[in-house]
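# Observations on chain architecture
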Amino acid sequence: MPQAVRFDRYGDIDVLQVVDVERPVPGPRQVLVEVRAAAINPGEASVRKGLFAKSWPATFPSGEGSDLAGVVSELGPGVTGLRVGDEVIGFTNKRASHAKLVVVEASDLTPKPPGISWEAAGSLFVAGTTAYAAVRAVSLRAGDTVVVSGAAGGVGTLVVQLARNVGAKVIGVSSKEHHDWLEAHGVVPVAYGDGVAERIRSAAGGRVDAFIDTFGSGYVKLALDLRVTPDRINTIIDFAAAEKYGVKAKGNADGGNSQVVAELAKLVADGRLEIPIARIYPLSEVQAAFRDLEQRHTLGKIVLRPD
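Below or above, wherever it landed, is the structure these notes cover. Model, not experiment: these values are computed from the prediction.

### Notes on the overall build of the protein chain
From N to C terminus, the protein chain includes eleven helices and 14 strands. By the compact-globule yardstick of 19 Å for 307 residues, the protein chain fits well, its C-alpha radius of gyration being 19 Å. Classification of the 307 residues of the protein chain by burial places 55% in the buried group. A sequence separation of at least 24 residues applies to 66% of the contacts in the protein chain between residues at least 6 apart. Carbon together with sulfur atoms contributes 50% to the accessible area of the protein chain, which is approximately 13500 Å² in total. Charge-centre separation for the protein chain: the mean point of 34 positive side chains lies 5 Å from the mean point of 35 negative side chains.

Here it is, written out as structure tokens:
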């Protein structure tokens, strides 16, 4: 029987279990995908902990996961444009991709370019579409200076590259251990911690035009202190600060569709966007993968590969 991640109550990482499940059956305009790679994301940890229980409650037993890349295994009635054996990138909004087999809406899939690894393809949806929306939200133009907090994280690594592709000067706030990667991608690295505002001002050499916060922990207020106007500040995580200060909070909900995934996949295939992979875990080690993720110190994405 195929296996999938399940949890039957809110809680810490130990509530996650890998269990045998019935083979899913695709319905009308749906596709059954054999998953080859599926990234994990901080939002999934928050759902599991019950932090979003009021807004997006779980139905137990709950699955998890949105990102996926894999091979079409079965077509439901009415599906056109896809064949069994096609390699695809996509997503599910049913908290279900951390599994061997997953049913996906056909409209939520796009072909996987042959030059993209499974791990990169399976990491594109949540982080990629969030980064895409965040960069668009602050209206970057060539010559702008933008600061990115959490610049070496799963979303931050993509934000800095998309911003560089626009022609902006990018200042990336991260731990020192990731500065070499940022410099190699044309980013001016700045260490976080005490004195970060002064370090940013020095690196900017003048004004800061925009700020993209992927980390939280006071960076929205810091952006305002740097005299960035609220309409050019976007946070993907600090929603309380967004409401308090009137800044933007655009993310996956604003860019999460297969057309954006296809656009990002083309950038990867063309060598204009790198999806850094921190570590790969078998599905059976999902608990270890989330322990790693929740340290918040990895460069890039953590990916599950079904056993």
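### So, the packing of helix 3 (residues 125-137) against helix 10 (residues 258-269)
Between helix 3 and helix 10, the shortest axis-to-axis distance is 10 Å and the interhelical angle comes to 90°. Considered as vectors, helix 3 and helix 10 are oriented roughly perpendicular to each other. Judged by residue contacts, Phe 125, Gly 128, Thr 129 and Tyr 132 of helix 3 engage Val 260, Val 261, Glu 263 and Leu 264 from helix 10. Its residues placed into classes, the contact of helix 3 with helix 10 shows five nonpolar, two polar and one charged.

### Some remarks on the packing of helix 3 against helix 4 (residues 156-166)
With their axes 9 Å apart at the nearest point, helix 3 and helix 4 run at an angle of 45° to one another. Considering the angle they form, helix 3 stands oblique to helix 4. When you trace helix 3 past helix 4, the crossing you get is right-handed. Residue-level contacts link Ala 127, Gly 128, Ala 131, Tyr 132 and Val 135 of helix 3 to Leu 158, Val 159, Leu 162 and Ala 163 of helix 4. Among the residues making up the contact of helix 3 with helix 4, the classes are represented as eight nonpolar, one polar and no charged.

### Things to note about the pattern of salt bridges
One pass over the structure, following the stated rule, counts 15 salt bridges. Among the salt bridges present, the one from Asp 8 reaches Arg 9, with a minimum N-O distance of 3.4 Å. Look at Arg 9 and you get partly exposed, because its relative accessible area is 47%. Within the structure, one salt-bridge network assembled from shared partners comprises Asp 12, Arg 48, Lys 49 and Glu 294.

### A word on the nonpolar core
Inside soluble globular proteins, nonpolar side chains tend to come together where they are buried. Counting 47 residues, the largest nonpolar core has Leu 140, Val 146, Val 160, Leu 162, Ile 212, Leu 264 and Leu 273 as the members making the most contacts within it. Per-element accounting of this core gives the leading share, seven residues, to helix 3. Residues in contact with Val 146, not counting those within four places in the same chain, are Leu 140, Ala 163, Ala 168, Lys 169, Val 170, Ile 171, Ala 210, Phe 211 and Ile 212. Val 196, Ile 200, Val 208 and Val 247 belong to the second-largest nonpolar core, a separate cluster that totals 21 residues.

Reading guide: rules and limits
- Residues numbered from 1 in each chain as written.
- Predicted model: local features only at pLDDT ≥ 70, side-chain atom pairs only at ≥ 80, totals over all residues.
- Heavy atoms only, no water.
- Helix = DSSP H or I, 4+ residues; strand = E, 2+ residues; numbered from the N terminus.
- Rg over C-alpha atoms; globule rule 2.2 N^0.38 Å.
- Buried < 20%, exposed > 50% of the residue type's maximum accessible area, 1.4 Å probe, protein only.
- Contact = heavy atoms within 4.5 Å.
- Areas by Shrake-Rupley, 256 points an atom, 1.4 Å probe, with all protein chains shown as cover.
- Lys, Arg positive; Asp, Glu negative; His and termini not counted.
- Charge placed at Lys NZ, Arg CZ, Asp CG, Glu CD.
- Axes fitted to C-alpha atoms, helices over the stretch in contact; angles between N-to-C directions.
- Parallel < 35°, antiparallel > 145°, perpendicular 65-115°, else oblique.
- Nonpolar A, V, L, I, M, F, W, Y, C, P; charged D, E, K, R; others polar.
- Left-handed = near helix turned anticlockwise from the far one by under 90°.
- Salt bridge = Lys/Arg side-chain N within 4 Å of Asp/Glu carboxyl O.
- Core = buried A, V, L, I, M, F, W, Y, C linked by side-chain atoms within 4.5 Å.

So yeah, pure geometry; function would need other evidence.
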